[in-house]
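Residues per chain, in single letters:
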Amino acid sequence: MEPKVMETEVVIIGSGIAGLLTALELPAEKKVVLVTKSALGAGNSSKAQGGIAAALGRNDSVELHIEDTVEAGRYVNARNIVTNILKQAPQVMEKLISLGVAFDKNRGGEFDLAKEGAHSSRRIYHAGGDATGWHIIEQLKKRITKNVEVLELFNAYDLVMKEGRCTGVRGKNKEGEPVVIFADATIVAAGGCGQLYSITSNAEESTGDGLAMAYRAGAKLVDMEYMQFHPTMLFARGRGAGLLSEAIRGEGGILVDEFNHSIMKDRHPLKDLAPRSVTSLAVYENLKSGREVFLSIKNVPDFPERFPTIAGRVLAEGINLAGNLLPVRPGAHFMMGGIAANEWGETSIKGLYAIGEAACTGLHGANRLASNSLLEAAASALLLGSRLKHEGLSVEKASQVHWPLSSVPPILPELGELKGRMDEWAGIVKTKENLLQMREWLVNFQPYLLRSASFELTEEQLTIKNMLTVAWMVINSALERTESRGAHIRADYPTESEKWSSLSINWEGGSLKPSIEKKRSGHERNRYDEPVIN
Ligand code: SIN
């Protein structure tokens, strides 16, 4: 079938906060196409509970926010990027408020700032109690202007490249027809890949499609070993049943075992508000040794009023709130790695930009500080939007559209099998032995990792193909990094190593093997030298 050809100035892949805000930041004269895998705004951003971190309160400062970010990130953050992005907080908050996002206020009419793990100050802005992402996305969606053509249910599956430059994207529209969209600027804002695991806070759409497309196009990806697990996914009816925000612990919630003993009391000076990598590991170790873990909400005042969405979900799962104990499991939450990009979203490929979770700016280091991701996505969207404002048409559109067709039917595993193996062999705590087992299994599908997607594949096959590609990068990066740091925990290398603090693991040119490079910016010595894992 001949593909339908579209031409535009900017194509945006993804409709979370990063994609929508970039679209809104572009001037009304710019021709923009925004493609999204399901409905507009569905995805991780709209599920964000805790909120957006901005050091604007009394007794707070950007310097403190920087220190917290770098300490949680285990000192491998890109310092210059941390500063540049966190400094954007006033502009981001002003923008979101001007677009109509009603952040919660206290009775005195001031913003009701919340606290989350590893923050030294109350600096989390939230909306609707625990529905911050939903409130932001609803406002952004309403304000999309006529110059932005939205294509919902669009399965983007490969970037179009010409002479080393990205010239657009190809995919299948909602009618299942092949479409090529040529653009001067192609923006990947397609989110992360939490769906690689069976328990995840991520939306169904978070299958790493943007990461896989960028990899096949030869873009540089970094830090793919840093997959963050959130310690408190509600566990009900034998499955992950939604996130229990870290903000609950900010209001007095504590992690306890089945004997009601605190599991964080002696584990870290910040106890239940320790960095996420520490709390997740504590939950994991308790479960491993056969003890159930609960989030006790006994000391959280007005729980149903402060956390209405969560309270509703807990009740819907048949759990009695009055019992004050919510069963938890850690779940895949955020990919710190991604397409190497600066704070403006520029990548290693001309014409290709990456923002939000799909990008790796280096802000998060080895472990993201809570609520820094909405800030990063919004800050990059504003910066990129302002940069593209001034760029004119420059791409020479391809006259002939080559539509790759695969001659061999793909052999792909079932989604459940892929997730099950990732849970078993590449979960919170990894070992060389397990990672090698995972790699051996993935090798069966290696011939499909680099090949362009083809129109014959079903949507599910396209998704699984992308997930295998991302799993390949995660596993091989985790094998290379022979230390434990932040969210990357190796039982066989339980400490942080000086050598690795200045090295990064990169994927470029569509290579099946990563390369190891000196990191882009300077690093500091760690303050703690104790083992990450006992
Ligand atoms: C949460 O509400 O616990 C999640 C916040 C985040 O991951 O930034």
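Everything in this summary refers to the structure shown in the same document. Here the residue numbering is sequential within each chain, running from 1 through the sequence in written order. The model is predicted, so local features are restricted to residues of pLDDT at least 70 and side-chain atom pairs to those at 80 or more, both for listing and for counting; the totals for chains, interfaces and linings are taken over all residues. Where side-chain values are given, they derive from all heavy atoms of the structure, hydrogens and water being excluded.

### Some thoughts on the pattern of salt bridges
To be explicit about the condition: Each reported salt bridge corresponds to a side-chain nitrogen of Lys or Arg within 4 Å of a carboxyl oxygen of Asp or Glu. Here a helix means four or more residues in a row that DSSP labels H or I, a strand means two or more in a row labelled E, and each is numbered from the N terminus. The buried label goes to any residue with under 20% of its type's maximum accessible area, the exposed label to any with over 50%, and the partly exposed label to all in between, with areas taken from a 1.4 Å probe on protein chains only.
Tallied over the entire structure, the rule returns 28 salt bridges. Between Glu 67 and Arg 79 there is a salt bridge, with the nearest N and O atoms lying 3.1 Å from each other. Here Glu 67, found in helix α3 (residues 62-72), pairs with Arg 79, found in helix α4 (residues 79-86); they are 12 residues apart in sequence, far enough to count as distant. With a relative accessible area of 27%, Glu 67 lands in the partly exposed category. The salt bridge involving Arg 481 is made with Glu 225; its shortest N-O contact spans 2.6 Å. Taken together, the residues Arg 481 in the loop between α16 (459-480) and β19 (489-490) and Glu 225 in the loop between β9 (221-222) and β10 (227-236) connect sequence positions 256 residues apart. In this structure, Arg 481 and Glu 225 share a single accessibility class: buried. Each of the salt bridges in this network shares a partner with another, and the network as a whole consists of Arg 74, Glu 225, Arg 481, Glu 483, Arg 485 and Glu 496.

### Description of the packing of aromatic side chains
How we decide: Stacked, tilted and edge-to-face are the three classes assigned to paired rings of Phe, Tyr and Trp, where Trp is represented by its six-membered ring and a pair needs centres within 6.5 Å; plane angles under 30 degrees give stacked, over 60 edge-to-face, the rest tilted.
All told, the structure shown has 6 aromatic pairs when counted by the stated rule. The interplanar angle of 40° and the centroid separation of 5.4 Å between the aromatic rings of Phe 303 and Phe 307 together place this pair among those described as tilted. Residues Phe 303 and Phe 307 agree in their burial class; the two are buried. Judged by centre distance (5.0 Å) and plane angle (70°), the ring pair of Trp 441 and Phe 445 falls under edge-to-face. Both residues of the pair, Trp 441 and Phe 445, belong to the buried class. Taken together through their ring pairs, the aromatic side chains of Phe 103, Phe 111 and Tyr 125 make up a single cluster.

### Considering helix α7 (residues 209-217)
Most of α7 is tucked away: 9 of the 9 residues are buried. All of the buried residues in α7 are Asp 209, Gly 210, Leu 211, Ala 212, Met 213, Ala 214, Tyr 215, Arg 216 and Ala 217. Gly 218 sits one or two residues past α7 and shows a positive phi near 95°.

### Some thoughts on the nonpolar core
One broad rule of soluble globular proteins: the nonpolar side chains tend to lie buried together. The condition is simple: We call a set of buried residues a nonpolar core when its members are Ala, Val, Leu, Ile, Met, Phe, Trp, Tyr or Cys and they connect through side-chain atoms within 4.5 Å of each other. Any two residues whose heavy atoms approach within 4.5 Å are treated as being in contact.
Within the largest apolar cluster, 67 residues are counted, with the highest numbers of intra-cluster contacts made by Ile 181, Leu 196 and Met 422. Sorting elements by how many residues they give to this core places α16 first, with 11 residues. In contact with Ile 181, other than residues within four places in its own chain, are Met 6, Thr 8, Val 11, Val 33, Val 35, Leu 151, Phe 154, Thr 167, Gly 168 and Val 169. One finds Leu 96, Ala 185, Ala 377 and Ala 378 within the second-largest nonpolar core, a separate group that totals 53 residues.

### What about the site of the ligand?
Just so we agree on the cut-off: To be near a molecule or strand, a residue needs just one of its heavy atoms within 4 Å of it. The definition of a polar contact used here is a pair of N or O atoms within 3.5 Å, where within protein one atom must be able to donate a hydrogen and the other to accept one, and adjacent residues in sequence count solely through side-chain atom pairs. Per-residue and other accessible areas were derived by the Shrake-Rupley procedure at a 1.4 Å probe size, with only the shown protein chains allowed to occlude residues. Side-chain classes follow a simple rule in which Ala, Val, Leu, Ile, Met, Phe, Trp, Tyr, Cys and Pro form the nonpolar group, Asp, Glu, Lys and Arg form the charged group, and the remainder, Gly included, forms the polar group.
Surveying the vicinity of the ligand reveals the residues Gln 49, Gly 50, Glu 116, His 230, Leu 243, Ser 245, Glu 246, Arg 276, His 333, Arg 368, Ala 370 and Ser 371. Between the ligand and Gly 50, the relevant distance is 2.9 Å, taken from an oxygen atom to a main-chain nitrogen or oxygen of the residue. Between the ligand and the protein, one listed contact pairs an oxygen atom with a backbone N or O atom of Ser 371 at 2.6 Å. Isolated, the ligand exposes 260 Å² of accessible area, and the fraction of that covered by the protein chains is 93%. Each residue belonging to the shell around the ligand can be placed in one class, and the counts come to 2 nonpolar, 6 polar and 4 charged.

### So, the packing of helix α5 (residues 89-98) against helix α12 (residues 372-389)
Rules: All axes here are fitted lines through C-alpha atoms, helices being fitted over the stretch that makes contact, and every angle between N-to-C directions spans 0 to 180 degrees. Relative orientations are named as follows: roughly parallel for angles under 35 degrees, roughly antiparallel for angles over 145 degrees, roughly perpendicular for angles from 65 to 115 degrees, and oblique for any other angle.
One can describe the packing of α5 onto α12 by two numbers: an axis separation of 9 Å at closest approach and a directional angle of 85°. Classified by the angle their axes make, α5 and α12 are roughly perpendicular. Of the residues in α12, those touching α5 at Ala 89, Gln 91, Val 92 and Lys 95 are Leu 375, Ala 378, Ala 379 and Leu 382. Here the contact of α5 with α12 is composed, by residue class, of 6 nonpolar, 1 polar and 1 charged.

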